[in-house]
Amino acid sequence: MNKRQLGSSDIYLSELSLGCMSLGRDPKIAKSIIDRALNAGVNYLDTADLYDFGENERIVGEAIKGRREDLIIGTKAGNKFTPGEQGWTWDPSKSHIKSAVKDSLQRLGIDYIDLYQLHGGTIDDPIDETIEAFEELKQDGLIREYGISSIRPNVIKEFVKKSNIVSVMMQYNALDRRPEEEILELLNKNSISVLARGPMAKGMLSSQAQQKINQKGQEGFLDYSFEELKAVIDKWMDYESGERTLEALALQYILHQEPVATAVFGASSVKQVEENLSYLEASPLTEQIFGEIQAMTKQLTYKKHR
């Protein structure tokens, strides 16, 4: 699988990566999903301390035993919680981040985290203090690089201006093209990579598109009404062929954009991994098809969806 540089760092991520939030709580199933992805060339696993209140990190840690040297591990912090208790609070303070990283390392069973990310954030946060925490963790060798997971342009711009982030994780897919409004260009100019999550738009861009729209699109999606979604997906379905699956097309669309380092797909079964791996067998995406997708979908704005 092709790899792309993460920002200006010495880390290279596989074009497809596995978002671990949907793995579930069965360690055997989770390991089978992770093993299939890794054996296909995926080298980046993305988790967070908040997923199942630490249990997801623990399951990932068990699944990767003996394979650490081949992997890039990313996790996230900023949400304060007590294992075994419901609820959490937002805490981007230095003290919390430096405490949370130790808990994540223990649950994952590793000595360092390749990519540590702030899991959210607002413009009212103590951003300088947050950055200081990440920089100190980097100096201490507990993390290799850091980034943020955010869809807020004002927060992203502050971190671009003030920090040494190498990445921004954000929702990006052919239906949600908000990053194209201004963020992709900004990040590209500053050699900061995008980790694109939600590439299938809740499954509405997958081979089960019609079913997923009926399940999850009844109230619309962002600026799309249900009727508009159906019209777009009717056209989208026309691209399914022996040359590429709809999953492959969805992944090709976002990976066509220069600052995107990897498309982070989720999977709760090996079958879903296989569907995303169809990307590897697809014919290259042409500029014509890329342009046609842009013409049939909306260029949305973050201003309406903050």
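Within every chain, residues take consecutive numbers counted from 1 along the sequence as written. For a predicted model such as this one, the threshold for reporting local features is a pLDDT of at least 70, and the threshold for listing and counting side-chain atom pairs is 80 or more; totals across whole chains, interfaces and linings nevertheless cover every residue. Only hydrogens and water are removed before side-chain values are computed, so all heavy atoms of the structure are retained for them.

(A) Local environment of the side chain of Asn-43. Within the fold, Asn-43 resides in the loop between helix 1 (27-39) and strand 4 (44-46). Classification of residues uses two cut-offs on accessible area relative to the type maximum, computed with a 1.4 Å probe and protein chains only: under 20% is buried, over 50% is exposed, and between them is partly exposed. For Asn-43, a relative accessible area of 7% translates into the label buried. By the criterion applied in these results, polar contacts are pairs of N or O atoms within 3.5 Å in which, for protein atoms, one can donate a hydrogen and the other can accept it, and in which residues neighboring in sequence qualify only through two side-chain atoms. A distance of 2.8 Å separates a polar atom in the side chain of Asn-43 from the backbone nitrogen of Ser-14. Those residues in contact with Asn-43 that lie beyond four places of it in its chain are Lys-3, Tyr-12, Leu-13, Ser-14, Asp-70, Leu-71 and Ile-72. Strands here mean DSSP runs of E at least two residues long; helices mean DSSP runs of H or I at least four residues long; both are numbered from the N terminus. The contact definition used throughout considers only heavy atoms, calling two residues in contact when any of these lie within 4.5 Å.

(B) Focus on the environment of Met-200. Mapped onto the secondary structure, Met-200 falls in the loop between strand 11 (193-197) and helix 7 (209-216). Residues Met-200 and Tyr-116, 84 residues apart in the sequence, show an inter-C-alpha distance of 24 Å. Leave out the neighbours within four places in its chain, and Met-200 touches Leu-205, Ser-206, Glu-247, Ala-250, Leu-251 and Asn-276.

(C) Region of the structure containing the side chain of Ser-193. When you line up the elements, Ser-193 lands in strand 11. Residue classification places Ser-193 among the buried residues on the basis of a relative accessible area of 5%. Setting aside residues no more than four positions away along its own chain, Ser-193 makes contact with Gln-5, Leu-6, Gly-7, Val-166, Ser-167, Val-168, Pro-259 and Ala-261.

(D) Fine view of the pairing of strand 9 (residues 143-149). Along strand 9, six of the seven residues are buried, which leaves the element largely enclosed by surrounding structure. Alignment of strand 8 (residues 113-119) against strand 9, held across six bridges, turns out to be parallel. Looking across to strand 9, one finds that Ile-113 is bridged to Ile-143. Considered for its hand, the β-α-β crossover made up of strand 8, helix 4 (residues 127-139) and strand 9 is right-handed. When DSSP locates at least two bridges between a pair of strands, those strands are taken to pair. In this structure, strand 9 lies alongside strand 10 (residues 167-171), joined through three bridges in parallel fashion. Its bridge partner being in strand 10, Gly-147 is matched across the sheet by Ser-167. When the strands point away from the viewer and the path from the first strand over the helix to the second turns clockwise, the crossover is right-handed.

(E) Geometry of the packing of helix 1 against helix 10 (residues 270-277). Helix axes use the C-alpha atoms of the stretch in contact, all axes being lines fitted to C-alpha atoms, and the angles between their N-to-C directions lie in the range 0 to 180 degrees. One can describe the packing of helix 1 onto helix 10 by two numbers: an axis separation of 9 Å at closest approach and a directional angle of 20°. The angle between helix 1 and helix 10 falls in the class roughly parallel. Once helix 1 is placed against helix 10, the crossing between them reads as right-handed. Contacts from Ser-32, Ile-33, Arg-36 and Ala-37 in helix 1 reach Val-270, Val-273, Glu-274 and Leu-277 in helix 10. What sets the label is the angle itself: under 35 degrees gives roughly parallel, over 145 gives roughly antiparallel, 65 to 115 gives roughly perpendicular, and the rest give oblique. Take the far helix as the reference: if the near one is turned anticlockwise from it by less than a right angle, the crossing is left-handed, and if turned clockwise, right-handed.

(F) Up close: the nonpolar core. To define a nonpolar core, start from buried Ala, Val, Leu, Ile, Met, Phe, Trp, Tyr and Cys residues and group those joined through side-chain atoms within 4.5 Å. Judged by nonpolar contacts, the single largest core of 89 residues is most densely connected at Leu-18, Leu-45, Tyr-116 and Trp-236. Here the element with the most residues in this core is helix 9 (residues 246-255); it accounts for eight residues. In terms of nonpolar packing, the next biggest core, distinct from the first, is built from 10 residues, Leu-6, Tyr-44, Val-166 and Met-169 among them.

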